[in-house]
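# Tertiary structure, described
For reference, the chains in residue letters:
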Amino acid sequence: MRRALFLPALWRWVPVWQRNFAVWYKLFKPAMLGNIVEPLLYLLALGYGLGSFMSSDMAGVPYLHYLASGMACASAMNTASFEGMYSAYTRMIMQGTWVGMMTTPLSLRDVVIGEIIWAGSKGLISTAAILLIATLMGLVADARALWVLPLAWIVGICFGAMAVVITAVAKNYDFFLYYVTLLITPMMLLSGVFFPVDGMPQLLQIGAKCLPLYHAIGLIRPLMLGQHNSDVILHLGVIGGYIALAVPLAIRLVGRRLLT
Amino acid sequence: MQVDNAVIRAQALCKSYQGQRVVDNIDLMIQAGECFGLLGPNGAGKTTTLRMFLGLTLPESGSLTILGHPIPAVAREARARIGVVPQLDNLDPDFTVAENLRTYASYFGLRGAAVETRITQLLVFANLQHKTDAPIDTLSGGMKRRLTLARALINDPQILILDEPTTGLDPQARQMIWQRLRELKQQGKTLILTTHYMEEAQRLCDRLAIIDHGRIITQGSPDALIQQHIEPYVVEVYGNGVQAASLADGSLPRSARIEQVGETVFIYMSQEDPNVMAMCQRENLRFLHRRATLEDVFLKLTGRDLRE
Ligand SMILES: Nc1ncnc2c1ncn2[C@@H]1O[C@H](COP(=O)(O)OP(=O)(O)OP(=O)(O)O)[C@@H](O)[C@H]1O
Ligand SMILES: [Mg+2]
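Parameters and conventions
Residues numbered from 1 in each chain as written. Chains lettered and ligands numbered in written order. Predicted model: local features only at pLDDT ≥ 70, side-chain atom pairs only at ≥ 80, totals over all residues. Heavy atoms only, no water. Helix = DSSP H or I, 4+ residues; strand = E, 2+ residues; numbered from the N terminus. Rg over C-alpha atoms; globule rule 2.2 N^0.38 Å. Buried < 20%, exposed > 50% of the residue type's maximum accessible area, 1.4 Å probe, protein only. Contact = heavy atoms within 4.5 Å. Areas by Shrake-Rupley, 256 points an atom, 1.4 Å probe, with all protein chains shown as cover. Lys, Arg positive; Asp, Glu negative; His and termini not counted. Charge placed at Lys NZ, Arg CZ, Asp CG, Glu CD. Near = heavy atom within 4 Å. Polar contact = N/O pair within 3.5 Å; in protein donor to acceptor, adjacent residues only side chain to side chain. Nonpolar A, V, L, I, M, F, W, Y, C, P; charged D, E, K, R; others polar. Domains from an automatic or database assignment. Axes fitted to C-alpha atoms, helices over the stretch in contact; angles between N-to-C directions. Parallel < 35°, antiparallel > 145°, perpendicular 65-115°, else oblique. Left-handed = near helix turned anticlockwise from the far one by under 90°. Donors = N, O, S within 2.8 Å, 3.2 Å for Na, K, Ca; no water. Salt bridge = Lys/Arg side-chain N within 4 Å of Asp/Glu carboxyl O. Phe/Tyr/Trp six-rings, centres within 6.5 Å; stacked < 30°, edge-to-face > 60°. Lys NZ or Arg CZ within 6 Å of the ring centre and 35° of its normal. Pairing = 2+ DSSP bridges. Right-handed = clockwise from strand over helix to strand, strands pointing away.

What follows covers the overall build of chain A. Scanning chain A from N- to C-terminus turns up 10 helices and zero strands. Counted from the first residue to the last, chain A has its helices and strands arranged as α-α-α-α-α-α-α-α-α-α. Against the globule reference of 18 Å for 260 residues, chain A gives a C-alpha radius of gyration of 19 Å, in line with a compact fold. With the principal axes as the frame, chain A shows a C-alpha extent of 70 × 40 × 35 Å. Burial status across chain A gives 52% buried among its 260 residues. Within chain A, contacts between residues at least 6 apart in sequence are counted, and of these 78% link residues at least 24 apart. When the accessible surface of chain A is split by element, carbon and sulfur atoms take 72% of a total near 11800 Å². Charged side chains in chain A number 16 positive and 9 negative. The centres of these two groups are separated by 15 Å.

Shown next as structure tokens:
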């Protein structure tokens, strides 16, 4: 018997992930620089700049601490979303990378899952960079904050999967502006990254609570600030629910696009 | 009777886009070790047929097995034994030449020292050993095509699917690809190729099918098709079309068939006729006397009109 030329089912996404990792690793240094410098600037400008105008703490902690934990979440969202949109679209349409993979034993499902897990991994990388900065700046309470890493990966997978759904129906790069403007930016501003949700009008609060970033912050912020974690099941459930919906939908829509 | 050794069996394959049949009742039996050509004008349905072989396009109806695997149900197992050179290059621009091969090998679950040896061999085979670490965008069109061919061989496939492997290449690059394809055939691989170059099909293919509007019009060996469909001798007369056409009046053998395309007149004859040449010389016309080729068959069967 000749050797089987394909991987067992559970591992087929791995070469897709590795391909993307290998490309990222080639530009590791400038990529990490971006991952570190940008949040650092935000923390310095907003945290010290804006924070110094605040007479009291934000939700019981100094504003800088509050902001760092919010940005750790927002960064996972932004990075995973952009990887799942612009970069994935380039590979899917412009470079024909996905169809190239699909002429090997990999199937469309393997490719899409590999891409989504990769987008999640990029989310994790960016959150890890912020966690590192925050730790060095003394903004992290204790070692419990290490739990942030697997959570950021899951949050990244969630936003990566949602992004690939959009990518599957995108006609061109401009299409992503709708998603960014209508969903990502509002989430960024209204889910509690920069200020607590409690102060907002009721309707906006409900909206924020229906979207995953709010729940990502609900999980990650207490871990970084050394506070008590509440509603863990609810937060994980909402994020898991989005993953459970978005992944099969992404596979289906990409299939409709590529398996014509 | 011929021994049936078919690696690809397609029966009554159909596919429509927007209600338009683009693959229409295609039957194909491709034998192990042969080089089979799919010829047809632009939009004839060649690429769609090949995509069906790979399970990338689902047939509307019909049945298809490759190496005994029903497609699309068990396409993964089939694809593990197939190498593909797609019509449009999709080499990975983020990687160097060797990295492209290594990455592609990983999609088959192949890694380690065996792959490195294979990559070295394939780069020699494709005459790219001096480009091992070159980025893709520094390669010429011919080099890219050769690399794509090398990539298609990474899993040592039994079947090679080549969609227009030499389109856009210069004569040197094309000859080199032909040479390599012959070597692969000698190693026992089954080759399925599409091409718009009739002399390429005539040289490489044991058998071929001519497709138009999604239907197979004819299939057989190149020689058999020429014998079956066209007069063996052709005189092409160039220049003043009206003048050339006037040749037709009475001075040609009765069996001759005339086609006029712009300023050129094609005279198809069942026997050589020295009178025709003599007459052309007398009238001071430029002309070419030659044997009929696959191109004549192709144009006769698919017409001379432009597609799309
Ligand atoms: N995904 C698709 N959606 C709609 N129409 C399609 C699709 N793919 C192919 N077609 C149409 O099907 C027909 C056959 O296309 P195909 O690519 O198989 O032709 P081809 O023989 O490979 O042509 P060429 O020599 O130009 O490569 C064409 O009319 C094409 O426009
Ligand atoms: Mg084609």
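Here the focus is the site of ligand 1. In the neighbourhood of ligand 1, 15 residues make up the surrounding shell, with Asn42, Gly43, Lys46, Thr47 and Thr48 of chain B lying closest. Ligand 1 sits at a junction of chains, with neighbouring residues supplied by chains A and B. Between ligand 1 and Gln87 of chain B, the relevant distance is 2.9 Å, taken from an oxygen atom to a side-chain nitrogen or oxygen of the residue. The protein chains hide 68% of the 640 Å² of surface that ligand 1 would expose on its own. Residue classes in the shell around ligand 1 are distributed as four nonpolar, nine polar and two charged.

So, about the domain arrangement of chain B. Splitting chain B by domain gives domain 1 (3–219) and domain 2 (231–291). If you average the C-alpha positions of domain 1 of chain B and of domain 2 of chain B, the two centres end up 40 Å apart.

Further remarks concern the packing of helix H3 (residues 97–107) of chain B against helix H5 (residues 141–152) of chain B. Two measures define how a pair of helices packs: the angle their axes make with one another and the distance between the axes. Residues and elements named next belong to chain B. Axis separation between H3 and H5 bottoms out at 10 Å; the angle between their running directions is 30 degrees. As summarised for this structure, H3 and H5 are arranged roughly parallel, according to the angle between their axes. Here the hand of the crossing between H3 and H5 comes out right-handed. Counting all contacts with H3, which are made through Val97, Leu101 and Tyr104, the residues of H5 involved are Leu147, Ala150 and Arg151. Of the residues belonging to the contact of H3 with H5, the class tally is five nonpolar, no polar and one charged.

Another aspect to go through is the coordination of the magnesium ion (ligand 2). Residues and elements named next belong to chain B. Within the protein, Thr47 (OG1) and Gln87 (OE1) serve as the donor atoms for the magnesium ion (ligand 2), at 1.9 to 2.2 Å. Taken together, the residues Thr47 in helix H1 (residues 46–53) and Gln87 in the loop between strand E6 (82–85) and H3 connect sequence positions 40 residues apart. The exposure class assigned to Thr47 is partly exposed, which follows from its relative accessible area of 29%.

Before going further, it helps to spend a moment on the side chain of Glu200 of chain B. Residues and elements named next belong to chain B. Of note, Glu200 is situated in helix H7 (residues 198–204). One buried charge, Glu200, has no salt-bridge partner; the nearest side chain with opposite charge is Arg174, at 4.1 Å. Side chain to side chain, Glu200 and Thr195 meet in a polar contact 3.1 Å long. Excluding anything up to four places from it in sequence, Glu200 contacts Pro165, Thr166, Arg174, Trp178, Leu193, Thr195 and Cys205.

One pass over the structure, following the stated rule, counts 17 aromatic pairs over all chains. For the pair Trp17 of chain A and Trp118 of chain A, a centre-to-centre distance of 5.7 Å together with 80 degrees between the ring planes defines the contact as edge-to-face. Here Trp17 of chain A, found in helix H1 (residues 14–26), pairs with Trp118 of chain A, found in helix H5 (residues 108–136); they are 101 residues apart in sequence, far enough to count as distant. Note on Tyr63 of chain A and Tyr66 of chain A: the rings are 6.3 Å apart at their centroids and 20 degrees apart in plane angle, and the pair reads as stacked. One end of the pair is Tyr63 of chain A and the other is Tyr66 of chain A, both in helix H3 (residues 63–94) and three residues apart, which spans about a single turn. Judged on exposure class, the residue Tyr63 of chain A and its partner Tyr66 of chain A are both buried. Grouped by ring-pair contacts, the aromatic residues Trp17, Phe21, Trp24, Tyr25, Phe28 and Trp118 of chain A constitute a single cluster. Here Arg151 of chain B stacks its cationic end above the ring of Tyr104 of chain B, 4.4 Å away from the centre of that ring. Positioned above the aromatic ring of Phe125 of chain B, the side-chain terminus of Arg180 of chain B is 5.3 Å from the ring centre.

Right, let's talk about the sheet that holds strand E14 (residues 287–291) of chain B for a bit. All names here are of chain B. Reading across from one edge, E12-E13-E11-E14 is the order of the four strands in this open sheet, with antiparallel pairing throughout. The open sheet has two edge strands, strand E12 (257–261) and E14, and neither has a second partner. Taken pair by pair, the neighbouring strands of this sheet meet at an average axis angle of 20 degrees, ignoring direction. Both strand E11 (residues 233–237) and E14 contribute to a ladder of five bridges, which runs antiparallel. Within E14, the position partnered with Val235 by the bridge is His289. Seen against the sheet, helix H11 (residues 274–282) touches E11, strand E13 (264–269) and E14 and runs at an angle of roughly 160 degrees to E14.

Residue and element names in this part refer to chain B. With five of five residues buried, strand E8 (residues 190–194) lies mostly within the body of the structure. Along E8, one buried face is formed by Thr190, Ile192 and Thr194 and the opposite face, lined by Leu191 and Leu193, is buried too. Both strand E3 (residues 35–39) and E8 contribute to a ladder of four bridges, which runs parallel. Bridging from a neighbouring strand, Gly37 pairs with Leu193 of E8. Strand direction decides the pairing type here: strand E7 (residues 159–163) and E8, joined by five bridges, are parallel. Paired with Asp163 across the bridge in E8 is Thr194. Viewed along the sheet, the connection from E7 through helix H6 (residues 171–186) into E8 turns out right-handed.

All names here are of chain B. Spatially, the four strands line up as an open sheet ordered E2-E1-E4-E5, and their pairing is antiparallel. Here the strands that pair on one side only, and so sit at the sheet edges, are strand E2 (20–31) and strand E5 (69–70). Taken together, the nine bridges between strand E1 (residues 6–17) and E2 define a ladder with antiparallel strand orientation. In the sheet register, Tyr17 faces E2, and the bridge partner there is Gln20. Strands in contact with H1 are E1, E2 and strand E4 (61–66); relative to E1, the strand with the most contacts, it is inclined by about 120 degrees.

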